[in-house]
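As a plain string of letters, each chain reads:
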Amino acid sequence: MRLIVNGEEQDVFAATLSELLAQLDFEGDWLATAVNGELVHRTDRANHRLNDRDRIEILSPMKGG
Amino acid sequence: MLTLYGQELGSRMLLGTARYPSPAILADAVRQAGTEVVTVSLRRETAGGRQGGAFFELIRELGARVLPNTAGCYSVSEAVLTAKMAREVFGTSWIKLEVIGHHDTLQPDVFGLVEAARILAGEGFEVFPYTTDDLVVAERLVEAGCKVLMPWCAPIGSAMGPQNIAALRSMRAHFPDVPLIVDAGIGRPSHATTVMELGYDAVLLNTAVAGAGNPALMAAAFAKAIEAGRAAFEAGMLEPRDMAVPSTPVIGKAVFS
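Treat the numbers as computed from the prediction; the structure is a model and nothing was measured.

Cut-offs applied
- Residues numbered from 1 in each chain as written.
- Chains lettered and ligands numbered in written order.
- Predicted model: local features only at pLDDT ≥ 70, side-chain atom pairs only at ≥ 80, totals over all residues.
- Heavy atoms only, no water.
- Axes fitted to C-alpha atoms, helices over the stretch in contact; angles between N-to-C directions.
- Helix = DSSP H or I, 4+ residues; strand = E, 2+ residues; numbered from the N terminus.
- Left-handed = near helix turned anticlockwise from the far one by under 90°.
- Contact = heavy atoms within 4.5 Å.
- Buried area = accessible area lost by both parts, 1.4 Å probe.
- Salt bridge = Lys/Arg side-chain N within 4 Å of Asp/Glu carboxyl O.
- Polar contact = N/O pair within 3.5 Å; in protein donor to acceptor, adjacent residues only side chain to side chain.
- Pairing = 2+ DSSP bridges.
- Buried < 20%, exposed > 50% of the residue type's maximum accessible area, 1.4 Å probe, protein only.
- Right-handed = clockwise from strand over helix to strand, strands pointing away.
- Phe/Tyr/Trp six-rings, centres within 6.5 Å; stacked < 30°, edge-to-face > 60°.

1. Some words on the packing of helix α5 (residues 135-143) of chain B against helix α6 (residues 165-174) of chain B
All names here are of chain B.
Reasoning step 1: Interhelical geometry of α5 versus α6 gives an angle of 35° and a closest axis separation of 10 Å. At the point where α5 passes α6, the crossing takes the right-handed sense. Together, Leu135, Ala138 and Glu139 of α5 and Ser170, Met171 and His174 of α6 make up the contact between the two elements.

2. Let's talk about the interface of chain B and chain A
Reasoning step 1: Taken together, the contact between chain B and chain A spans 29 residues of the former and 27 residues of the latter.
Reasoning step 2: Broken down residue by residue, the surface that chain B buries against chain A is led by Arg44, Met85 and Glu88 of chain B, which jointly contribute 29%.
Reasoning step 3: Between chain B and chain A we count five salt bridges in total.
Reasoning step 4: Two residues, Glu88 of chain B and Arg45 of chain A, come together in a salt bridge whose shortest N-O distance is 3.8 Å.
Reasoning step 5: Linking chain B to chain A there are 14 residue pairs in polar contact (both at pLDDT 80 or more).
Reasoning step 6: Elements that contribute at least two residues to the side of chain B that touches chain A include exactly β4 (37-44), α2 (50-62) and α3 (76-90) of chain B.
Reasoning step 7: Looking at chain direction, strand β5 (residues 55-63) of chain A and β4 of chain B are connected through five bridges and run antiparallel. When the sheet's bridge partners are listed, Ser60 of chain A is paired in β4 of chain B with Arg43 of chain B.

3. Concerning the environment of Ile156 of chain B
Reasoning step 1: Residue placement: Ile156 of chain B occurs in the loop between β8 (150-151) and α6.
Reasoning step 2: Dropping the residues within four chain positions of it, Ile156 of chain B is found in contact with Glu98, Thr105, Leu106, Tyr130, Ala184 and Gly185 of chain B.

4. Details of the side chain of Asn69 of chain B
Reasoning step 1: Checked against the element boundaries, Asn69 of chain B lands in the loop between β5 (65-68) and α3.
Reasoning step 2: Since its relative accessible area comes to 2%, Asn69 of chain B is described here as buried.
Reasoning step 3: A polar side-chain atom of Asn69 of chain B sits 3.2 Å from the main-chain amide nitrogen of Ala71 of chain B.
Reasoning step 4: Sequence-distant contacts of Asn69 of chain B, that is, excluding residues within four places in its chain, are made with Gly64 and Gly65 of chain A together with Thr39, Val40, Ser41, Thr82, Ile95, Lys96 and Glu98 of chain B.

5. With respect to the pattern of salt bridges
Reasoning step 1: With the rule as written, the count across this model stands at 14 salt bridges over all chains.
Reasoning step 2: We note a salt bridge from Arg44 of chain B to Glu57 of chain A, for which the minimum N-O separation is 2.7 Å. Of this pair, Arg44 of chain B sits in strand β4 while Glu57 of chain A is found in strand β5, placing the two residues in two different chains.
Reasoning step 3: Residue Arg44 of chain B is classed as partly exposed on the basis of its relative accessible area of 42%.
Reasoning step 4: Take Glu57 of chain A: its relative accessible area is 24%, and that puts it in the partly exposed class.

6. Focus: the side chain of Thr132 of chain B
All names here are of chain B.
Reasoning step 1: Within the secondary structure, Thr132 sits in the loop between β7 (126-131) and α5.
Reasoning step 2: Residue classification places Thr132 among the buried positions, given a relative accessible area of 8%.
Reasoning step 3: Residues contacting Thr132, with those up to four places away along its chain left out, are Gln107, Pro108, Val110, Pro151, Trp152 and Met171.

7. Structural notes on the sheet that holds β8 of chain B
Remark on secondary structure: sheet strands pair via backbone hydrogen bonds, oriented parallel or antiparallel.
All names here are of chain B.
Reasoning step 1: Taken in spatial order, the three strands of this open sheet run β6-β7-β8, and their pairing is parallel. The two strands at the open ends of the sheet, each matched to only one other strand, are β6 (94-97) and β8.
Reasoning step 2: Sheet topology places β7 next to β8; two bridges connect them, and they run parallel. Residue Tyr130 lies in a different strand from β8, and its bridge partner there is Met150.
Reasoning step 3: Along the sheet, helix α4 (residues 110-122) makes contact with β6 and β7, crossing β7 at roughly 175°.

8. Some words on unusual backbone geometry
Reasoning step 1: Unusually for a residue other than glycine, Asn36 of chain A sits at a positive phi of about 50°.
Reasoning step 2: Position of Asn36 of chain A among the secondary structure elements: in the loop between β3 (32-35) and β4 (38-40).
Reasoning step 3: Even without being a glycine, Ala184 of chain B presents a positive backbone phi close to 90°.
Reasoning step 4: Examined against the element boundaries, Ala184 of chain B turns out to sit in the loop between β9 (181-183) and α7 (189-197).

9. As for the pairing of strand β10 (residues 202-205) of chain B
Residues and elements named next belong to chain B.
Reasoning step 1: Alternating residues of β10 divide into Ala202 and Leu204 and Val203 and Leu205, and every residue in both groups is buried.
Reasoning step 2: Of the pairings in the sheet, the one linking strand β3 (residues 13-16) to β10 comprises three bridges and is parallel in character. From the neighbouring strand, Leu14 faces β10, where its bridge partner is Leu204.
Reasoning step 3: As paired strands, β9 and β10 are joined by three bridges and run parallel to one another. Pairing of Val182 across the sheet is with Val203, part of β10.
Reasoning step 4: As for the winding sense of the linkage, the β-α-β connection from β9 through α7 to β10 is right-handed.

10. Focus on the packing of aromatic side chains
Residue and element names in this part refer to chain B.
Reasoning step 1: Enumeration according to the criterion identifies three aromatic pairs over all chains in this entry.
Reasoning step 2: Relative to Phe128, the ring of Tyr5 has its centre 5.2 Å away and its plane inclined at 55°; by these criteria the two rings are tilted. Of the two residues, Tyr5 is situated in the loop between β1 (2-4) and β2 (7-9) and Phe128 in strand β7; the sequence distance between them amounts to 123 residues. For the pair shown, Tyr5 and Phe128 are each scored as buried.
Reasoning step 3: Between Phe56 and Phe90, the ring centres sit 5.4 Å apart and the planes meet at 85°, which makes this aromatic pair edge-to-face.

Keep in mind that these numbers describe shape and distance, not what the molecule does.
Structure representation (structure tokens):
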């Protein structure tokens, strides 16, 4: 399946959002995820099935003013 | 005591966390200033979450309340989604709402700002809007559900200081009961004192501290300047006048000739 993860196209076999995070070696309870412009809560990641060409955003805390 | 969305704060200095020479210097600046609120952002993670995790750990150790921002958002939908993601990460409904309208000045898109504020307030967010000093926009933001306003005094990072004192004064007079925080454009402690003397409730800073030769010392200087301005406002200042007024009593003065 071809996904756009943080703006970059990637081929991945993950069926769900939580599988995607595991496969891409993302970890930590401070991550926020969105699929196709909609927030996916951390508790919903395991049930959120991914589709070809989905746009995934994975964000984490960063300095800011 | 400053109260923002029901939270009582002892310090009237809010501090951004960007552009410090090192995490240790940032931590030192927060401690030196006695800051109780720090601004943070969200960005795409490239290191599997570990980079953000290390930064988050530093912020947790500081013990300050987190005010996430939507910096860099140029549309309502971007800002709303970023706010929702920030609430997920930081576990707070506070959001410093930025909807930027202009690349060069980083001036807020006030139309998008009001729209995003209304959406977020409707979803239970406690919105801190980064806005201009325009009164009509401020009224719309309050109508949209904002209980705090954060007008700029000059463009972000410009260090120009208050560019329109009359507008800031007028906003203070129009919203006597709304906490007003000057956000953006402060360059030096005297600028902070000036806006606090006008009756502003707090100041949000970043570059003026982070970009100083000694950020921790500058943070301490700002903390004192903000306290001084607030005390002066509470004490009540003299209005300037055109003619001199003798400070020493004239009655009883000796006559030598």
